[in-house]
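Examining the three-dimensional arrangement
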Amino acid sequence: MDLKKHYHRDMSEQEASTKEEVVIQGVPASPGMAIGKAYVYHKKTPEIEDGRIEEEEISAQIQIFLNARKHLKKQWQKLLAKEKTKQSKAILTAQIAIIDDPDLADQIKSNIKDKQYGAQQAIDKAFAKYIDKLSKTDNAMMADRLIDLSDIRDRLLEAAGTKSVPSFSKNVDILVSKEISPREVIQLSHQNIKGFIMEQGGNTSHAAIIARSVGIPAVVGAKGVMEQLKSEATVCLDGDRGLISINPSTQTRKRVEQLRGDDTHTLEEQLTICRQPSRTNDGTPFTIRANVEFPEELEKVQQFRAKGIGLLRTESVYLNQEQFGSVQKQTAFYEKMLAQTEDHPVVIRLFDVGGDKFQGTKISESNPYLGWRGIRMLLDERSILRDQLKAILITAGQHPGRIKLLVPMVSTVDEITEVKKEVKKCQQNLAGIGMAIDQDISIGIMVEIPSVAIGAASFADQVDFFSIGTNDLTQYLLAVDRGNALISKLYNQAHPAVWKLINHTVEVAQKNAIMVDVCGELAADPVAAACLLGMGVSSLSMSPIRIPGVKKLLLNRSADEMKELAKQVQLCVNVKEVEALFNKWEDNINHV
Amino acid sequence: MIKQKVVIVNDAGLHARPAAALVKCSSRFKSDFFIHRYGHRINGKSILGVLTLAAEQGAELELEVDGPDEKKAMEAIDELIGNGFEEALS
C-alpha cells in the first residue's frame, strides 16, 4: 500500500494551511465518510504478577478468577441487551460462550491448583495455549479472530486485578488502533463514535463486520497510520474507498462534510422519510437503489427501503478468495444478496480489480488507473471471469429478471462482444446440465471512461443499460488523481464538463430506449441527484446511509423544477457557477 | 456411547457463530460430547476447543456422545450440522 505525502497550502483558509495533508490508502471496510479528532490507541498487554503462590492462597485465587469471569459475563450481557443488529448479537453471543468455556475454566483452575500460579498468570497461560493453536491454523479467517480472544483475555485479567490498561475517554471521534476488537466497536458505537481506523486486519474481521452492520465508517489495513497520525489531529476517513486524510485540506473537508451520513435527523425521522412513496411533490415517481458490498449492509438497505441494489461491488469476493474461492461459495454470496432484497433488481458488477492500486495482482504498473483493470484484466484471466459468470448466472437462473450484469472499465465494443460470448457459452453449459438460466439477463456497462461517454451511441445498441460511474469518470475527464492531496481541489464531480458528458450519455440512452443509472458520489448529493433526475436518469444508486437525505429533498421538489435545474447546469462554465446554482436552488424551496 | 461421522456443509465452516451454536446445542444435554478430527479429540461443549479444529466446509468429523440422553443429543447435533447451522446463521 503506498503512502503519499504532499504539501498542501490552501490560501483561502488559514486554519487548515499550516499542516501538510497526508493521504494513506487502506482497505475499505465499512462505507461512509467521517471527519473528526483522532484518538490513537496504543494497546498494551496488561502487566502480570508472576511467581508462585502458597498453597493456602489457592482457593482465594480461584475465587478471584471466578469473580472476574462473572463480572465480565455481566458486562458482555449488558452490551448484548443494547444491541439491535443480528450480526453484533451473534458475535457477542459467541464471545459469551468463550467467557463461559468449561475447558478454559478447568485449565485456569488447574493452573492455580496444580502449578500454583496466581489467578492472573493462570489466565494468561490458559489463553496463550489457545491463541498459539489458533494462530497456527492456516485459515486466515481464524487468524482474524485472535483479537477477539486477546481482548477477552485482557478484560479478564483487568477484572482479576492487573493494572488497568488505559481506556479511551467517553468522547472519541475516530478511534485509531493497530487492531480493534468487536467489543470495542460495539461499546463505542453506543457512545456516538464517528469512525474506525485499523492499521492491520482485514475487512472480514469481526470489528469490520460489526462496523458495517451498525453503519459506522471504517478503514482497515491502513499501513503506517499509527506512526503518521497523532491523537487530537483532525482526520477524514472515506470508508467507500479506503482513504484516510490526515490534516485534511479545506477541499477534502468540504467533500467529506457533504457526503457524511445524515446526522441532523434521528433514525426515526429518517425512517419516516424512507417510508413515503418515492414521488416528487407533483407525483412523478423516482427510483433509489443502494450501493452494497457486504451482506451486513443489507439491514440498512431494507430499513431505508431501497428498491434493490444498483451497484453490487464484488471486489471483496475476489480479494477474500480463501472464503469465496469456489463457484459454490460465490453463488452463496450472490444468493444472499437476492434473498434479502425482495423482488427488486440487483446489479452485479464484475470484479473491478487489477493493477497494484487494486491489490488483486502482483503486477506493478506505473499508472494502474490507466492500466490493466476491470474487464481488461478479466478478459486476459478467463478462468476468473468464467467462474464469476458461472456463479452469477446460476443465481440468475433461480431469480429470472432480477439480476443485471454490469461490466466495469469497458473502453471498446469488442470487450462487450467478448463478454456476451462468454455469457452465452456459460448459459449453454448450464442449460446442458439441466440447470435453470435467465435467458434474457440484462448486460450493461459502466460509463466511466470519457471516450465511452462521448461515443455512447456505438455502445447503446450493444447493451441493455448504462451505469454512469461519476467517481472515475470525473478522475479521467479532469485528469485529477483524487488521492493526490496536491491537486485534489481540482477534483469536483459537479464540474460542467462532467455534466455535459452525463447529459450526452442520457440523451443517447433515451434515443436507444435503454436505461441509464448513476451510481457514483454525484447521485448521493441531494441537489445533484435532483439535477440527474431532471436530466432524465432512470435511477440513482448510493450508499444506504445517504438515502434519507437525498430522498427528503427529492420528495419536496417538483419534476419541473428538476428539469429546469438540469437545463441551467448546462449553461454553467465553471465549478463555481455550478455550486452557486446548486446553493441557490437548494435554498429557494418555493421557486417556480 | 454412540459415534457418528458428519461433514461440515455450511460455507464458512466452523467459525465463531456456528461453533457457538454447536456448544449451545450440545450443552443442553447431560451426555458428554467429543469431536474427533485427525487424531485429536476435543470437548464439543468447549467453544475454544471447537474453534481450534479450524474445520472448513467439507471437513469430516467424528462425533462421540456418551451419557444418559446420548441418542437425543446425537440427533440434535447431527441435525444442526446437517442443515448448515441454518438457524444460527440466518
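In this text the structure is predicted, and so the values were computed from the model without any measurement.

1. Focus on the nonpolar core
Within the largest apolar cluster, 108 residues are counted, with the highest numbers of intra-cluster contacts made by A:F466, A:W499, A:L540 and A:F582. If we ignore the near neighbours within four places in the chain, the residues touching A:F466 are A:I445, A:V447, A:A456, A:F459, A:A460, A:T505, A:A509, A:I514, A:M515, A:V516 and A:D517. With 87 residues, the next largest nonpolar core counts A:A97, A:I98, A:A208 and B:I42 among its residues.

2. Focus: the interface of chain A and chain B
Listed as interface residues are 24 residues of chain A and, on the opposing side, 19 residues of chain B. Taking both partners together, chain A and chain B bury about 1900 Å²; carbon and sulfur atoms supply 67% of that area. Three residues, A:Y130, A:M142 and A:K329, lead the burial of chain A against chain B; their summed loss comes to 21% of the area buried on that side. Viewed at the interface, chain B and chain A are joined by zero salt bridges. Our enumeration of links across chain A and chain B arrives at five residue pairs in polar contact (both at pLDDT 80 or more). Counting only elements with at least two residues in the side of chain A that touches chain B, the list comes to α2 (86–99), α3 (102–113), α4 (119–136), α5 (140–144), α8 (206–214) and α15 (327–339) of chain A. With seven residues, the top contributor of residues to the side of chain A that touches chain B is α2(A). Here the side of chain A that touches chain B is built from residues that sort into 14 nonpolar, five polar and five charged.

3. A few points about the state of the cysteines
Going through the model one piece at a time under the given rule, you end up with zero disulfides over all chains. Lacking any disulfide linkage, A:C572 is separated from the closest cysteine sulfur, that of A:C531, by 8.8 Å.

4. Quick look at the pairing of strand β14 (residues 442–447) of chain A
Residue and element names in this part refer to chain A. Most of β14 sits out of view: six of its six residues are buried. One ladder, built from four bridges, connects strand β13 (residues 403–407) with β14; its direction is parallel. Of the residues in β14, the one forming a bridge with V407 is I445. Running through helix α18 (residues 413–432), the crossover from β13 to the neighbouring parallel element β14 is right-handed. Across four bridges, the pairing between β14 and strand β15 (residues 465–468) is parallel. Paired with I445 across the two strands is F466, which belongs to β15.

5. A short note on the packing of aromatic side chains
Residue and element names in this part refer to chain A. The full count for this structure, using the stated rule, is four aromatic pairs over all chains. When the ring of W499 is compared with that of F582, the centres are 5.9 Å apart and the planes differ by 80 degrees; the resulting orientation is edge-to-face. Of this pair, W499 sits in helix α22 (residues 496–511) while F582 sits in helix α26 (residues 575–587), and the two are 83 residues apart along the sequence. For the pair W499 and F582, one class covers both residues: buried. Over the ring of Y117 we find K125; its NZ or CZ atom is 5.3 Å from the centre of that ring. Taking NZ or CZ as reference, R212 lies 3.5 Å from the ring centre of F294, over its face.

6. Brief notes about the pairing of strand β2 (residues 32–37) of chain B
Residue and element names in this part refer to chain B. β2 sits mainly inside the fold: five of its six residues count as buried. Strand direction decides the pairing type here: β2 and strand β4 (residues 60–66), joined by five bridges, are antiparallel. Counted as the bridge partner of F33 is V65 from β4. With four bridges joining them, β2 and strand β3 (residues 40–43) adopt antiparallel strand pairing.

7. Details of the environment of A:S316
Among the secondary structure elements, A:S316 is positioned in helix α13 (residues 315–319). Each C-alpha atom of the pair A:S316 and A:P31 lies 13 Å from the other, and the pair is 285 residues apart in sequence.

8. Description of α2(A)
Residue and element names in this part refer to chain A. End to end, α2 covers 20 Å across 14 residues, agreeing with the expected 20 Å (1.5 Å per residue, within 8%). Here α2 lies mainly inside the structure; 11 of its 14 residues are buried. For α2, the full list of buried residues reads Q87, S88, A90, I91, L92, A94, Q95, I96, A97, I98 and I99.

9. Some words on the domain arrangement of chain A
Residues and elements named next belong to chain A. The assigned domain composition of chain A is domain 1 (3–44 + 167–249), domain 2 (55–159), domain 3 (260–283 + 448–592) and domain 4 (288–444). Opposite the 12 residues of domain 1 that make contact, domain 4 presents nine residues. For the pair domain 1 and domain 4, the interface holds one salt bridge. Across the pair R212 and E296 runs a salt bridge, and its minimum N-O distance is 2.5 Å. Applying the counting rule to domain 1 against domain 4 returns one residue pair in polar contact (both at pLDDT 80 or more). At the level of secondary structure, the elements contributing two or more residues to the side of domain 1 that touches domain 4 comprise β3 (27–30) and α8. Sort the elements by how many residues they give to the side of domain 1 that touches domain 4 and α8 lands first, with four residues. Here the side of domain 1 that touches domain 4 is built from residues that sort into six nonpolar, four polar and two charged.

10. Focus: the side chain of A:R373
Residue and element names in this part refer to chain A. Looking at the element boundaries, R373 is found in the loop between β12 (346–349) and α16 (375–380). Given a relative accessible area of 1%, R373 falls into the buried group. A polar contact is formed between the side chain of R373 and the side chain of D472, at a distance of 3.0 Å.

11. With respect to empty space enclosed by the protein
All names here are of chain A. Per the stated rule, a full pass over the model turns up nine cavities of 30 Å³ or more. Taken as a whole, the second largest cavity spans an internal volume of roughly 210 Å³. Every element with two or more residues in the lining of the second largest cavity is listed here: β8 (234–238), β9 (243–246) and α10 (250–259). It is α10 that provides the largest number of residues to the lining of the second largest cavity, a total of four residues. Split into classes, the residues belonging to the lining of the second largest cavity amount to seven nonpolar, six polar and four charged. Here the lining of the second largest cavity spans two domains, and each of domain 1 (3–44 + 167–249) and domain 3 (260–283 + 448–592) adds at least three residues to it.

Cut-off values and rules
Residues numbered from 1 in each chain as written. Chains lettered and ligands numbered in written order. Predicted model: local features only at pLDDT ≥ 70, side-chain atom pairs only at ≥ 80, totals over all residues. Heavy atoms only, no water. Core = buried A, V, L, I, M, F, W, Y, C linked by side-chain atoms within 4.5 Å. Buried < 20%, exposed > 50% of the residue type's maximum accessible area, 1.4 Å probe, protein only. Contact = heavy atoms within 4.5 Å. Buried area = accessible area lost by both parts, 1.4 Å probe. Salt bridge = Lys/Arg side-chain N within 4 Å of Asp/Glu carboxyl O. Polar contact = N/O pair within 3.5 Å; in protein donor to acceptor, adjacent residues only side chain to side chain. Helix = DSSP H or I, 4+ residues; strand = E, 2+ residues; numbered from the N terminus. Nonpolar A, V, L, I, M, F, W, Y, C, P; charged D, E, K, R; others polar. Disulfide = S-S within 2.5 Å. Pairing = 2+ DSSP bridges. Right-handed = clockwise from strand over helix to strand, strands pointing away. Phe/Tyr/Trp six-rings, centres within 6.5 Å; stacked < 30°, edge-to-face > 60°. Lys NZ or Arg CZ within 6 Å of the ring centre and 35° of its normal. Expected span 1.5 Å × (residues − 1). Domains from an automatic or database assignment. 1 Å grid on protein atoms, 1.4 Å probe; cavity = no way out; pocket = protein on both sides within 12 Å on 5 of 7 lines; lining within 4 Å. Points joined across faces, edges and corners; volume = space filled by probe spheres on them.

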